[in-house]
Amino acid sequence: MSLLCNTGDWFTLGQGNAFRKIELYTMEWPGSINLEHMRVYAAPYGGPIAVVKDPKLFVKLDGGASTRPIIRIFNCVGKLLSSINWDCGNLVTLGWSDAEELIGVQDDGTIFLHDMFGNFVHKFSVGKDVTDVADARIFTSASGTGVAVMTSGFKIYILNNIKDPKSRPLSELLNLTSSLTCWEMVCKDRTTSCLLASGNEITLVRHGDNAFTNTTPAMRHDYQSISLLAVSFDHEHVALLTNTGCLWMGSWDLKRKYCEFATGRQEQANQLVWCIDGSTGPDGQAVIVCYAHLLLVVGASGESSVYTYDTPVALIPEMDCVRVLTNYCHELVQRVPPSTSKIFGINISEPASFLFEAHRKFRDRSHQSDEYLCLIQHRLPAAVADCVQAAGHEFDPSTQKCLIQAAYFGKSFLSGYDCTDYITMCRTLKVLNVLRDRNVGIPITIQQFNHLQPVVILDRLVFRKYYGLAIHIAKYLKLQETRILEHWAFQKITHDKNDDEVARKIAAKFSSAGLREPMSYANVADKAQQIGKTKLAITLLEMETKKKLQVPLLLKLGACEKALIAATQSGDIDLIYMAILEMKNTTALAKFHMTIRRYPLAQNLYKKYCQLNSLSTLKDIHSQEDDFLSQAELALREALQLGNLDASIPDISGNYRKAGKQVEADLADETKKLIRHQKLLQDKYQKDFFGLALHAMVRKLLQLGDQRYAEKLKSEFRMSDRRFWWLRVQTYADNYQWEELEKLGRAKKSAIGYEPFVEVCLAKQNVTEAKKYLPRCDEETKLKWYLRAGCYADAATIAFMQKDIDSLLKIHDHCNDSALMAKVENMIGQLSSKK
């Protein structure tokens, strides 16, 4: 089936390889710009274009015009973005980094970086030994944007990443001469290599190689030298043009030849670039040879096509196409995508073509629409997918709309169709059309868009200061807007002078952004601090809700008290300690103590810190605050740790009294008396009494037999009779002084009863002594103690008298005496009959 729509600018280079030329924009160059006298350095992916006068050409200057080069930077429509008056050394070449920064290489080995608005970013040197650069190449390496320079002595130095500029010589064994005609860089398998053309030979050199292989490309036509070399965007293919106008195309390592083409033109070509479509195979690739007013497009099959222009032409290679820049227009040359060929190709009978025609007939209300659909009934999903893909490759919105409508028409006949790809394409096309609009001027293809990813696209819009558009796209694609808002705030901080107005605008913008989480002011405040706007930074930080971000920056800015307030409000112990210690180190001590007193939580934590690290500081704090209770407790704790409690007791007791703690003061006084007794007893008995409590001291005296001194301590410290009796009973039992225990029991009525007497005797397995005290036990507990002593006969009598059948049953179970068992059974029977 033949559809002639959109095929007017198509041309074929071999079987099945159609290429097309698309006009992107008409240019808005200033009147002073004429590409015939200019060198053009354009960034890929629809990036900015740097234009500078060609120093090799003689150009008439107006009166008063400077001979220093002026670098003008434009967008893809020709709108001036900025100008750079190059007042440094002699400029060798220009190029663009992957971050769209302009790279300028001087002949003294210095490399300058500027942004697209002409603002200086950074500079560095290739090396101390590199001071006479004759030529340079800017290339894309595995680690970033690289720079290679060649000195006037034909020494080559390579930097693989301008963000980490470490230069290295290509090879010490490489010996180049003036016969070198051209050279290019190739990056494959994370290795940077160099192609050097000298005479009719090409040398491929890698860093560190000890031997080089010179290759002479096999050609049917004789030639003396190679005038131009071109490496494809993906570093897979190499093309070379000889002095006789013969074009050779092959693999990057020169081992495979695709084709040889005689251009038939003897004049020197200006540029040689590859036009690739992103695939690795050579069949669909082409090379464009640019002459003064002519483009020669040569395919890998050896077929060619020619375009002539009235003005000079500059070529900009891309990952899937080549952009053509002239004085009047901006065009794009690319291989026709397969999905587009299936729809608009000549004599095509593909399902997508029938679907597109079916939709067109449907709009015309023709019955033929159904006939076309019947032809592709079982291949309709593939036809819908091709229409969706073809829409993505189109630049004309009306063509996109027709293809998307055809896909929509086709998917309505499919059950269970997954609309994900269809919806994604609709969203992507809307974004692409906005980016390609001449007011924005970023003419990227869908393949480039998918390669860069939307996040990078948003970053590039932000760098161009299209903040509103970037935010709309982020919302539309459901991406985070925080980086966009932050960059907008950075610009406000940098360029606006009224700090109060800037803070107000930033707060209003951040609060009205409608984000799921509040915007952080920390990064913006940090930026303000970096450019010296400390007051603005503090103002912004006061609006920060995340204390972990707010407090460190406030401390960095010297606003220690504000940081302390924020930290205490958060309740985060680590943040509070961070603020306290920073304030202590940067503030006068007196002011620090006065400040921290206003914040109880911070003060308490500081006291805890001093307790662990500086007791002298803690004492000073308690003294300044007249905190007598804390002074007493601290002195007591310190005295106990150091073992000088005796000397510290008077101060401890006095501070307790000043704090109104009479009980604690009395205890301190009694402790002092107890220590005095411990000293006397230590001297008297030569035994260790220090550190013993009153209870332990009395017990130890009883064990030593000094009952008189024990009674003295009991009286002086008002020990209770029950406690003293218990100590005596336990001590006599421990010392097996049964006679003394019996005397104690007979002397007078026991203050603790007689159960303790029985208990200590039984604990020492002395049942005989225990029986002496059993009759004197209380009636309520007497039965229990008789049972524990094993006196079952007496226990049975007591249980019978108390009418306790359960105890009698227990006695019956435990005793082994048959007579006693009979007696107990009789007692149980008597008690049971009475019930």
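This text goes with the structure placed above it.
Residues numbered from 1 in each chain as written. Predicted model: local features only at pLDDT ≥ 70, side-chain atom pairs only at ≥ 80, totals over all residues. Heavy atoms only, no water.

1. Some points on the sheet that holds strand 10 (residues 120-125)
In step 1: Strand order in this open sheet of 4 strands is 7-8-9-10, and the pairing throughout is antiparallel. Pairing within the sheet leaves two strands with one partner each, and these edge strands are strand 7 (91-96) and strand 10. On average, each strand axis in the sheet is inclined to that of its neighbour by 20 degrees, with strand direction left out of account.
In step 2: Alignment of strand 9 (residues 110-114) against strand 10, held across 5 bridges, turns out to be antiparallel. Across the sheet, the residue bridging to H114 is F120, located in strand 10. (Pairing = 2+ DSSP bridges. Helix = DSSP H or I, 4+ residues; strand = E, 2+ residues; numbered from the N terminus. Axes fitted to C-alpha atoms, helices over the stretch in contact; angles between N-to-C directions.)

2. Let's talk about the packing of aromatic side chains
In step 1: Scanning the model with the defined rule gives 14 aromatic pairs in all.
In step 2: Judged by centre distance (5.4 Å) and plane angle (70 degrees), the rings of F11 and Y307 are edge-to-face. One end of the pair, F11, is in strand 1 (residues 10-12); the other, Y307, is in strand 26 (residues 304-308), with 296 residues separating them in the sequence. Here the two residues F11 and Y307 agree in accessibility, since each one is buried. (Phe/Tyr/Trp six-rings, centres within 6.5 Å; stacked < 30°, edge-to-face > 60°. Buried < 20%, exposed > 50% of the residue type's maximum accessible area, 1.4 Å probe, protein only.)

3. With respect to the sheet that holds strand 21 (residues 246-251)
In step 1: Within the open sheet, the 4 strands sit side by side as 19-20-21-22. Their pairing is antiparallel. Two strands lie at the open edges of the sheet, namely strand 19 (226-231) and strand 22 (257-262), each paired on one side alone. Looking at each pair of strands side by side, their axes are set apart by 15 degrees on average, direction ignored.
In step 2: Sheet topology places strand 19 next to strand 20 (residues 237-242); 5 bridges connect them, and they run antiparallel. Across the sheet, V231 pairs through a bridge with V238, a residue of strand 20.

4. Considering unusual backbone geometry
In step 1: Positive phi is not limited to glycine here, since D189 has a value of about 55 degrees.
In step 2: Relative to the elements of secondary structure, D189 occurs in the loop between strand 15 (180-188) and strand 16 (191-198).
In step 3: The phi dihedral of K478 is positive, around 60 degrees, even though this residue is not glycine.
In step 4: With respect to the helices and strands, the residue K478 is situated in the loop between helix 8 (467-476) and helix 9 (482-495).
In step 5: Judged by relative accessible area, K478 falls into the exposed class, the value being 68%.

5. Digging into the pairing of strand 3 (residues 38-42)
In step 1: As defined by bridge partners, strand 3 adjoins strand 4 (residues 49-53) across 5 bridges and the pair is classed as antiparallel. The residue bridging A42 from the neighbouring strand is I49, located in strand 4.
In step 2: In sequence, strand 3 turns back onto strand 4 through a hairpin of 6 residues, with Y45 there showing a positive phi of about 60 degrees.

6. What about the pattern of salt bridges?
In step 1: On inspection of all chains with the given rule, the structure shows 25 salt bridges.
In step 2: The closest approach of N and O atoms between K533 and D499, which form a salt bridge, is 3.8 Å. Here K533 is found in the loop between helix 11 (522-530) and helix 12 (534-541), whereas its partner D499 is found in helix 10 (residues 499-511), with 34 residues between them in sequence.
In step 3: Note on K533: relative accessible area 16%, which makes it buried.
In step 4: For D499, a relative accessible area of 23% puts it in the partly exposed group. (Salt bridge = Lys/Arg side-chain N within 4 Å of Asp/Glu carboxyl O.)

7. Observations regarding the nonpolar core
In step 1: Counting 95 residues, the largest nonpolar core has L355, L435, I506, L540 and I580 as the members making the most contacts within it.
In step 2: The contact partners of L355, leaving out residues within four places of it in the chain, are L373, I376, L380, A383, V384, C387, A406, F409 and G410.
In step 3: One finds W725, Y732, L774 and I828 within the second-largest nonpolar core, a separate group that totals 37 residues. (Core = buried A, V, L, I, M, F, W, Y, C linked by side-chain atoms within 4.5 Å. Contact = heavy atoms within 4.5 Å.)

8. Description of helix 3 (residues 368-375)
Working note: α-helix, 3.6 residues per turn, so residues spaced by three or four point in the same direction.
In step 1: For helix 3, the set of buried residues is S369, Y372 and L373. Down the axis, helix 3 shows its buried residues gathered within 100 degrees of arc, on one side only.
In step 2: As for helix 3, its buried residues are in contact with helix 2 (351-363), helix 4 (380-393) and helix 5 (397-411). (Arc of directions from axis to C-beta.)

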